[in-house]
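Structural description and commentary
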Amino acid sequence: LQTDGQSAEQLQPALSVVPMVGIVGPGAHVELHVTFRPLEEGAFNLNVPCSICNVKRRDPVKEPIFLNVKGVGYKIHAALEVAVEGAGGRRAIPSGVQDALDLGQSQVHEQRSVQLFLRNESRRPLPYRIQLRRAGGRLRPNAASGKPPYLDIANCSGVVVGGEETPIMLTYKPRDV
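Residues numbered from 1 in each chain as written. Predicted model: local features only at pLDDT ≥ 70, side-chain atom pairs only at ≥ 80, totals over all residues. Heavy atoms only, no water.

A separate point is the confidence of the model for the protein chain. Looking at the protein chain as a whole, the pLDDT averages 79, with 77% of positions reaching at least 70. Least confident of the elements in the protein chain is strand E1 (residues 2–3), whose mean pLDDT is 42; most confident is strand E15 (residues 157–160), at 93. (pLDDT = per-residue confidence, 0-100. Helix = DSSP H or I, 4+ residues; strand = E, 2+ residues; numbered from the N terminus.)

This is the structure we're talking about:
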């Protein structure tokens, strides 16, 4: 790969072209499948040289044809926080870590709530949907709402605009013992 400002070794996992070699007969064509999977954020402008040669004479054409590939690699930077009492008012919930939300004791027909905040720290929109799971497997949801009857989730799906946050309210309302 010949690239603008980056070595081929850095970009090798980011771009693949299949097939890399082959023979195209007269009047035929071959589809090239170009896959772009960047490992870093940023704009990419890659020139992929395609060397063509005459099979009968095995002569390479003096000037290769270049396939110009442009793309933008980006990550969604999201943060989830829970509202807490005291200094700061929020506690971060680390990504990939199972976290316990202790709502304390509650009598039947009372309710306890916890406020969550999903923040999008990137420039691109962040679509989200909350899925509930029990430690030992799935929760038994209500058929109509898709969630257990003792849980209410306000704002359980949507899109967070880049640079903003959305509040999510989780309410526990036990109906029986």
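Further notes follow.
Strand order in this open sheet of five strands is E9-E8-E10-E16-E14, and the pairing throughout is antiparallel. Each having just a single partner strand, strand E9 (90–93) and strand E14 (151–154) make up the two edges of the open sheet. When the angles between neighbouring strand axes are averaged without regard to direction, this sheet yields 25 degrees. Examined bridge by bridge, strand E8 (residues 78–83) and strand E10 (residues 112–120) share five bridges and lie antiparallel to one another. Looking across to E10, one finds that Glu-81 is bridged to Phe-117. (Pairing = 2+ DSSP bridges. Axes fitted to C-alpha atoms, helices over the stretch in contact; angles between N-to-C directions.)

Core analysis: the biggest nonpolar cluster contains twelve residues, these being Val-82, Ile-93, Val-114, Leu-116, Leu-118, Leu-126, Tyr-128, Leu-151, Ile-153, Val-160, Ile-168 and Leu-170. Elements supplying a minimum of two residues to this core: E10, strand E11 (126–129), E14 and strand E16 (165–172). Looking at this core element by element, the count peaks at three residues for E10. Once residues within four sequence positions are removed from consideration, Val-114 is found in contact with Val-82, Leu-101, Leu-103, Ile-168, Met-169 and Leu-170. Leu-15, Val-17, Phe-44 and Val-48 belong to the second largest nonpolar core, which has six residues in total. (Core = buried A, V, L, I, M, F, W, Y, C linked by side-chain atoms within 4.5 Å. Buried < 20%, exposed > 50% of the residue type's maximum accessible area, 1.4 Å probe, protein only. Contact = heavy atoms within 4.5 Å.)

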